[in-house]
Structures are given as C-alpha cells and as structure tokens.
Amino acid sequence: MHQFRMENGELWVEEVPVEELAERYGTPLYVYSARTVEEHYDRLVEAWKGLNPMILYAVKANSNRAILELLAARGSGFDLVSGGELFRVLRAGGDPQKCTFAGVGKTRREIQEALEAGVLALIVESEQELLRIEEVAGRLGCRAPVALRINPEVAPGTHPKIATAVKESKFGIPYSAALAVYERAASSPRLQIKGVQMHLGSQITRMEPFEEALDRMVPLVSELKRRYGISFFDLGGGFGVVYEEALASGKREWWEEQATPPATPRMLAERLEGKLASLDVRIFLEPGRLLVGNAGILVTEVQYVKELEGGKEIVIVDAGMNDLMRPALYGAFHEVVPLRDRGAGYKLLDVAGPICESGDFFARNRWLPALRQGDRIAIMTAGAYGFSMACQYNSRPRAAEVMVRGREVRVVRLRETYQDLVRGERGWQKEDARLDGGLAD
Ligand code: LLP
C-alpha cells in the first residue's frame, strides 16, 4: 500500500501531481511520500504487536535525513553498518540507545565511535572482530555491549547477490561455532553479552526461510538466555516488497486477488509468533526496504527515442544506472509509469539511461504506453537502495530528492552541481597542492 496513484491519466503522490514536481525541480528527481513511510512503520508495529518488537530501520536502504527524522519521531531505532550511518542518525536526532552497529569490516575508529555514542549493541561478525572490540573497549575503559550474528545457514530463496545466510557467506559466525565464540565473549571483562542476531538476506517474500531459520535459532537463543541472560533476539531484515504492478499492488484489492500473495508483515508475524513467544527475550526487527521501498519513485525525462529495425524502440532517459543501480546490478524489475498517459497506445520498449555501459537499462522488452521526447516517466518502488546506492559515474551530479506530505513539498536534498563533483579533488599543479593543508578535513 502506498500513496502513489493514477488519477485521470496522471500520476499523483499524496495531494500533488508528480508532473508539477518534475517541472519545478527538474529531473532526474527522487520523490518520497512521507505518509507512505509512516503508514508502513505503523502497519509493521501493528502486525507484530503481540510481541512488541523493537524496530531498527536499516539505514542503508535510504539514509536521507528527512526519512531518518520521521522514523525517529515515530520511535524507531536504527540498524547501522558504518560510522557514516551513525553520524547521519545522530544528526537526524536518532537515539543511539536504540541503535545496533553491524557490518563485517568494522574499523577501530568505527568501533570507538559506536562505543562513545553509546549504541545498544555491536553486532559481531567474527571472533577476530570480538577481540578488536575488546581491545578498543579496554582503551576507552568501558564494557562493550555485544551480540553475535549467527549464520543459521538456510537458503533464503532470493537473488544470490542479496542472499546472506548461505554457508559460504562472508556474514556472521558459523552456527557450529556459536557457543564457543559466546564463551570467549563471556570470559572478557571488557565485553557484555546482550543478545543474538541473524539476517537471512533481502527481498524475501516467502515465510519458509524465516521458519526454517527459527527452527535452528530458537534452541540456541534459549540456551544463550539460560547461560548469559541475553535480552534480545534480532531477526534481521529482508522483508520483501512487491515490485511488479507497483500501482495495482498498492491497493488492497490486488492482494485479495492473488492466489499466493507475498508474505505481509501480519502473515509473517502470525506464522512466527508461536515460535518466538516462549523465548522471553525482546524481539528486534531490521526492516529497510519494507518501510521505504514503495515510498519512493525516480522521475526521469525522455531525451531521445531511437527506433530499431522491427519496430522496437529504445527510449533514452536522463536518469542512469548511477542514479538507480538495481536493474543494472541485479537485473531487478522496476515498473515504469508515464506521469501522463496520453492514451497513444502501447509499444514494445526498452528504457535506457545515458551512461556509457550497455548494462545501463531500466526496462527491456516491455509493453509500455508510447513515449516521445520530453515525456516524463516514473521508475516505481525506488525508495529503497535507490539514492543510497547512487554514484557520480560518468561525472553526473547526483539527483535531487523531494519529500511530499499531503500538499506540502520539501527539497530534502539539493541536486548536486559540477562543483560537487570536484569537491576535495586536487590536481598535480603546485597551487593545488598548496591548498591541501587548508582544505583537507
Ligand atoms: N539487516 C542486515 C544485517 C542487512 O544486511 C540488511 C540489508 C538489512 C537488515 C535490511 O534489509 P532489507 O529489509 O532492506 O531487505 N542493495 C540490495 C539490498 C542489499 C541489502 C543489504 N542488507 C538491493 O537493492 O536489493
């Protein structure tokens, strides 16, 4: 469910026609619906209310300050994976006591920053990391709160690039080593065992992988509770959203028509509650995509239409894989919707970006309403892993981001300029080198 809809052939976000935003702020443009994010958060809380879990929004999905602010205001905590994310969350008014700090490659500096900020727990991904945390805590004279990430070794049935709980994964501590590493942590006066974490992968739309993982994890959690009195079990994130038929699937009727609908938060909560209720530890969830995925779109303008032999057309737009990498990187599907449907019939189209890479496509061989130069389209469900993965490849300044609430619109990130492209860059010339001392941060 979300707040994007077609009305009289025109795409609206909340109470604003998207075309108006494109006119005013230019393209490529990320557009977010504040209410959609809030509704998703509220619906998740409602679905799981039997267990009253702590929600830790996975900042990597979309780290814009406005998104963090509205989730913080709702009481959300945050799942962090870098010093940069910690910096952003603190700046947005997030509560460090409701933050976990994860990631396989934490540096000493990041560990120190997380401890100084007073995060709820560091999620530990290897024994070596545990030793490093111990060392940093010793230096700071504190006890570091830790939880181990245990790999339950189940196949989450998702794209291989976003499946993490498989056996050969770089993530987490192997299930068979769990107790030994906990024992090591327990022996240290510098470490304080707080909980246990798992994460299966991303864009998981079936319930079975979670069930299977819990079958392995629940006995372990009970044992950890008995031995160390742990206080939380963090189930990670990975709850999938619907990318196909983005507009239709935003409506209740669509869900009712599906023979096997993708798992909703309520379905998953109902299925897992029984297994979790007896544990007597607080449950944590780390949703990213679920909260912001279909709360955002990427708006782009058609620059050229190239006709190929056989009648197919390639539509070149002004957004590229540097703005939204998912189709190029994972072959991900994103629905494409014209901001105004001129009723000119459908055509077989490819939608491609301007980048000098053949992989720079948003859609291939898709029947879409016919498009011509100057038309604008929305690439749907781009709120998660859209802007947060954007880069400046081909020296393209990154897009602007706007947020809409009702009729109100705020620019929540300015469009980058050419100056932003070269900020911090120095040439080999003497006068450039001279600047180093003054400008390096
Ligand atoms: N917790 C951990 C430990 C994670 O690694 C992730 C995502 C999440 C939570 C949040 O997952 P979510 O609920 O958003 O599925 N760039 C990829 C997705 C990468 C996910 C990385 N980890 C994509 O665009 O599909």
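Definitions and limits used
- Residues numbered from 1 in each chain as written.
- Predicted model: local features only at pLDDT ≥ 70, side-chain atom pairs only at ≥ 80, totals over all residues.
- Heavy atoms only, no water.
- Near = heavy atom within 4 Å.
- Polar contact = N/O pair within 3.5 Å; in protein donor to acceptor, adjacent residues only side chain to side chain.
- Areas by Shrake-Rupley, 256 points an atom, 1.4 Å probe, with all protein chains shown as cover.
- Nonpolar A, V, L, I, M, F, W, Y, C, P; charged D, E, K, R; others polar.
- Domains from an automatic or database assignment.
- Disulfide = S-S within 2.5 Å.
- Buried < 20%, exposed > 50% of the residue type's maximum accessible area, 1.4 Å probe, protein only.
- Helix = DSSP H or I, 4+ residues; strand = E, 2+ residues; numbered from the N terminus.
- Arc of directions from axis to C-beta.
- Lys, Arg positive; Asp, Glu negative; His and termini not counted.
- Salt bridge = Lys/Arg side-chain N within 4 Å of Asp/Glu carboxyl O.
- Contact = heavy atoms within 4.5 Å.
- UniProt positions renumbered as here; feature names shortened; annotations may be inferred.

1. Structural notes on the site of the ligand
Logical step 1: Around the ligand, the structure places 20 residues, and the nearest of them are Ser202, Glu286, Arg326, Tyr330 and Tyr385.
Logical step 2: Within the contact set of the ligand, an oxygen atom lies 2.9 Å away from a backbone nitrogen or oxygen of Gly288.
Logical step 3: Protein contacts shield 91% of the accessible area of the ligand, which totals 590 Å² for the unbound molecule.
Logical step 4: Grouping the amino acids of the shell around the ligand by side-chain chemistry returns seven nonpolar, seven polar and six charged.
Logical step 5: Mapped onto the domain boundaries, the shell around the ligand takes at least three residues apiece from domain 1 (34–291) and domain 2 (294–422).

2. Observations concerning the state of the cysteines
Logical step 1: By the definition in use, this model includes zero disulfides.
Logical step 2: No disulfide involves Cys142; its nearest neighbouring cysteine sulfur is the one of Cys99, lying 16 Å away.
Logical step 3: Considering cysteine sulfurs only, Cys391 is the nearest to Cys356, which forms no disulfide, with 13 Å between them.
Logical step 4: On the accessibility criterion, Cys356 (65% relative accessible area) is exposed.

3. Considering helix H7 (residues 178–186)
Logical step 1: What H7 keeps buried is the set Ala178, Val181, Tyr182 and Ala185. Viewed along the axis of H7, the buried residues span an arc of 105°, placing them on a single side of the element.

4. With respect to the side chain of Arg326
Logical step 1: Topologically, Arg326 is positioned in helix H12 (residues 326–330).
Logical step 2: Here Arg326 is buried and forms no salt bridge, its nearest opposite-charge partner Glu244 lying at an N-O distance of 9.2 Å.
Logical step 3: Setting aside its immediate chain neighbours within four residues, Arg326 contacts Tyr243, Arg289, Gly331, Ala332, His334, Ala384 and Tyr385.

5. Examining the UniProt feature "binding site: pyridoxal 5'-phosphate" (unreviewed entry) in the chain
Logical step 1: In the numbering adopted here, UniProt assigns the feature "binding site: pyridoxal 5'-phosphate" (unreviewed entry) to Gly238, Glu286, Pro287, Gly288, Arg289 and Tyr385.
Logical step 2: Among the secondary structure elements, Arg289 is positioned in helix H11 (residues 289–292).
Logical step 3: At 3.4 Å, the side chain of Arg289 forms a polar contact with the side chain of Gln203.
Logical step 4: Within the secondary structure layout, Tyr385 lies in the loop between strand E19 (376–379) and strand E20 (400–405).

6. Re the pattern of salt bridges
Logical step 1: This model, assessed by the stated rule, comprises 34 salt bridges.
Logical step 2: Here Asp42 ties to Arg74 by a salt bridge, and the two come within 2.8 Å at their closest N and O atoms. With a gap of 32 residues between them, Asp42 in helix H2 (residues 34–47) and Arg74 in the loop between helix H3 (65–73) and strand E6 (77–80) connect regions that are remote in the sequence.
Logical step 3: For Arg74, a relative accessible area of 35% gives the class partly exposed.
Logical step 4: Salt-bridge contacts for Asp350 lead to Lys312; the nearest nitrogen and oxygen are separated by 3.0 Å. On the criterion of sequence distance, the pair formed by Asp350 in strand E17 (residues 346–352) and Lys312 in the loop between strand E14 (296–307) and strand E15 (313–317) is long-range, its members being 38 residues apart. An identical accessibility class is assigned to Asp350 and Lys312; each is buried.

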